[in-house]
Amino acid sequence: MGTILLTGGAGYIGSHTYVELVSAGHEVVIVDNFSNARADVVERLQSITDGPVTCYRGDVLDKTFLADVFRRHHFDAVIHFAALKAVGESVQKPLDYFEVNCAGFSNLLMAMKDAGVFRVVFSSTATVYGEPVSLPYTEDHRIAPVSPYAQTKVICETLLRQLKESDDRWTYGVLRYFNPAGAHDSALIGEDPNDIPNNLMPYIAKVATGELPHLNVFGNDYDTPDGTGVRDYIHVVDLAQGHVQSVNKLIDEGDTHVVNLGTGTGYSVFDMLKSYEKACGKALPYEIAPRRAGDIDCFYADPTTARDYLGFEAKRGLDDMCQTSWNWVSRIRNS
């Protein structure tokens with residue numbers, strides 16, 4: 001076990017990863033600027049883990065701040081979440097995305113090098129693959145990013161590869177996520193976007209709580225069983241456990257790796273809508289809207305490498321994702 005720096009550790013995936021790391025016996029330090037995280041998440045993490053949480057409020061764009069954090073602690077590895085992540089927003093604000101995602105990561109790597117820390121798990125995305133040449137997506141699928149967001153992730157992955165070529169002390173795990181969903185069983189942490197959600201499940205959740213009038217289903221004429229787009233959704237707790245397995249691999253064996261984190265199972269928009277209706281106990285209104293530019297029929301992982309290399313296997317299905325999400329949004333709605 002070791003001491004892990006978790007950048008963006010107060011966010012959706014970061015907070016769940018914090019819980020799983022602590023459960024696995026690691027000491028964890030969070031860095032977050034709280035631009036997309038609830039202010040009280042530290043208290044919630046303390047309740048879940050029954051212990052104090054070390055958290056520094058600051059930004060990966062601030063080199064002085066990063067250097068100070070590394071002076072205060074000896075880290076065995078870093079897990080890097082701190083980034084902007086909305087595909088649509090990245091098209092409107094490409095400069096912001098390249099500054100935060102690329103310059104921020106470069107700053108972190110320089111701070112790590114100065115502190116003699118050479119192990120990092122990088123939060124990447126399956127959107128680096130672009131439109132499928134074949135399905136399911138394997139790790140050797142063609143890289144063809146479409147959005148500025150995906151392009152920033154490709155740049156960061158490339159930087160890691162070139163860094164290791166220049167200095168073999170570096171070891172890294174690149175984790176290409178599919179679609180995280182759900183919440184912690186405690187209903188104390190979960191996804192809580194600040195504005196209209198970019199992802200399907202939090203959008204449906206806001207329809208279920210009455211915050212949005214209906215779900216827009218963008219296209220019902222895809223080449224799928226029910227005509228709606230099919231995506232690979234993975235429970236956020238399963239995803240968090242994948243990070244624990246990745247950082248353990250770096251610490252214990254020093255093995256660099258690039259793996260997909262998904263389930264290998266595709267669920268349609270209507271599959272999720274029906275499952276969420278079961279979770280919240282009521283019918284949810286929806287309207288069919290025109291297809292969005294760039295949306296594809298199907299998008300799902302081949303999880304073989306993660307299973308064989310990391311021992312990773314998603315254990316929770318769609319009903320669990322929807323039920324834990326509903327438990328979470330019901331709690332914060334009523335609190």
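Residues numbered from 1 in each chain as written. Predicted model: local features only at pLDDT ≥ 70, side-chain atom pairs only at ≥ 80, totals over all residues. Heavy atoms only, no water.

So, on to the overall build of the protein. A count of helices and strands for the protein gives 11 helices and 14 strands. What you see for the protein is a C-alpha radius of gyration of 19 Å, in line with the 20 Å of a compact globule of 335 residues. If you line up the protein on its principal axes, its C-alpha atoms span 55 × 45 × 40 Å. Classification of the 335 residues of the protein by burial places 55% in the buried group. (Helix = DSSP H or I, 4+ residues; strand = E, 2+ residues; numbered from the N terminus. Rg over C-alpha atoms; globule rule 2.2 N^0.38 Å. Buried < 20%, exposed > 50% of the residue type's maximum accessible area, 1.4 Å probe, protein only.)

Here the focus is empty space enclosed by the protein. What the rule picks out here adds up to one cavity of 30 Å³ or more. If you add up the space inside the largest cavity, you get close to 60 Å³. Taken together, Tyr12, Ala181, Gly182, Glu191, Met201, Pro202, Ala205, Ser325, Trp328 and Val329 form the lining of the largest cavity. Taken together, the residues of the lining of the largest cavity sort by class into seven nonpolar, two polar and one charged. The two domains that each donate at least three residues to the lining of the largest cavity are domain 1 (3–182 + 232–264) and domain 2 (200–230 + 265–302 + 320–334). (1 Å grid on protein atoms, 1.4 Å probe; cavity = no way out; pocket = protein on both sides within 12 Å on 5 of 7 lines; lining within 4 Å. Points joined across faces, edges and corners; volume = space filled by probe spheres on them. Nonpolar A, V, L, I, M, F, W, Y, C, P; charged D, E, K, R; others polar. Domains from an automatic or database assignment.)

Within strand S1 (residues 3–7), five of the five residues are buried, which leaves it mostly tucked inside the rest of the structure. Of the two faces of S1, the one lined by Thr3, Leu5 and Thr7 and the one lined by Ile4 and Leu6 are each fully buried. Judged from the five bridges that link them, S1 and strand S2 (residues 27–32) form a sheet pairing that is parallel. By the bridge assignment for S2, leucine 6 is matched with isoleucine 30. One ladder, built from four bridges, connects S1 with strand S4 (residues 77–80); its direction is parallel. What sits directly across from leucine 5, in S4, is valine 78. (Pairing = 2+ DSSP bridges.)

Another aspect to go through is helix H1 (residues 12–23). Between the first and last C-alpha of H1 there are 17 Å, a value that for 12 residues agrees with the 16 Å anticipated at 1.5 Å per step. For H1, the set of buried residues is Tyr12, Ile13, Gly14, Ser15, His16, Thr17, Tyr18, Val19, Glu20 and Leu21. Just downstream of H1, glycine 25 is the residue with a positive phi angle, here 100 degrees. (Expected span 1.5 Å × (residues − 1).)

Counting residues in hydrophobic clusters, the biggest one holds 36 residues, and the most contacted among them are Leu6, Leu21, Leu45, Ile79 and Val247. In terms of residue count, helix H8 (residues 236–253) provides more of this core than any other element does, seven residues in total. If we skip the residues at most four places from it in the chain, isoleucine 79 touches Ile4, Leu5, Leu6, Thr7, Thr17, Leu21, Val121, His243 and Val247. (Core = buried A, V, L, I, M, F, W, Y, C linked by side-chain atoms within 4.5 Å. Contact = heavy atoms within 4.5 Å.)

Considered domain by domain, the protein is made up of domain 1 (3–182 + 232–264) and domain 2 (200–230 + 265–302 + 320–334). Computed from C-alpha atoms alone, the centre-to-centre distance between domain 1 and domain 2 is 26 Å. With 23 residues of domain 1 at the contact, the number on the domain 2 side is 19 residues. Taken over both partners, the interface formed by domain 1 and domain 2 buries close to 1800 Å², and the fraction arising from carbon and sulfur atoms is 65%. (Buried area = accessible area lost by both parts, 1.4 Å probe.)

Turning our attention to the pattern of salt bridges. The final tally for this structure, using the stated rule, is 17 salt bridges. Measuring nitrogen to oxygen at the nearest pair gives 2.8 Å for the salt bridge that ties arginine 292 to aspartate 295. Where aspartate 320 meets arginine 316, a salt bridge forms, and the shortest distance between an N and an O atom there is 3.7 Å. One continuous salt-bridge network, built from bridges that share partners, spans Arg38, Asp40, Arg44 and Asp192. (Salt bridge = Lys/Arg side-chain N within 4 Å of Asp/Glu carboxyl O.)

This part covers the packing of helix H7 (residues 200–208) against helix H11 (residues 318–334). Contact pair H7 / H11: the axes reach a minimum separation of 10 Å and the direction vectors enclose 50 degrees. Considering the angle they form, H7 stands oblique to H11. Considering only the axes of H7 and H11, their crossing is right-handed. Between H7 and H11, the residues in contact are Met201, Ala205 and Ala208 and Met321, Cys322, Ser325, Trp326 and Val329, respectively. Among the residues making up the contact of H7 with H11, the classes are represented as seven nonpolar, one polar and no charged. (Axes fitted to C-alpha atoms, helices over the stretch in contact; angles between N-to-C directions. Parallel < 35°, antiparallel > 145°, perpendicular 65-115°, else oblique. Left-handed = near helix turned anticlockwise from the far one by under 90°.)

Let us now look at the packing of aromatic side chains. Following the criterion strictly, the structure yields nine aromatic pairs and no others. When the ring of tyrosine 129 is compared with that of tyrosine 137, the centres are 5.1 Å apart and the planes differ by 15 degrees; the resulting orientation is stacked. Given a relative accessible area of 0%, tyrosine 137 falls into the buried group. For the ring pair phenylalanine 178 and phenylalanine 299, a centre distance of 5.4 Å and an interplane angle of 55 degrees mean the geometry is tilted. Of this pair, phenylalanine 178 sits in the loop between strand S6 (171–177) and strand S7 (179–181) while phenylalanine 299 sits in strand S14 (residues 298–299); the two residues are 121 residues apart in sequence, bridging distant segments of the chain. In this pair, the class of phenylalanine 178 matches that of phenylalanine 299, namely buried. Members of the aromatic cluster, joined through ring pairs, are Tyr129, Tyr137, Phe178 and Phe299. (Phe/Tyr/Trp six-rings, centres within 6.5 Å; stacked < 30°, edge-to-face > 60°.)

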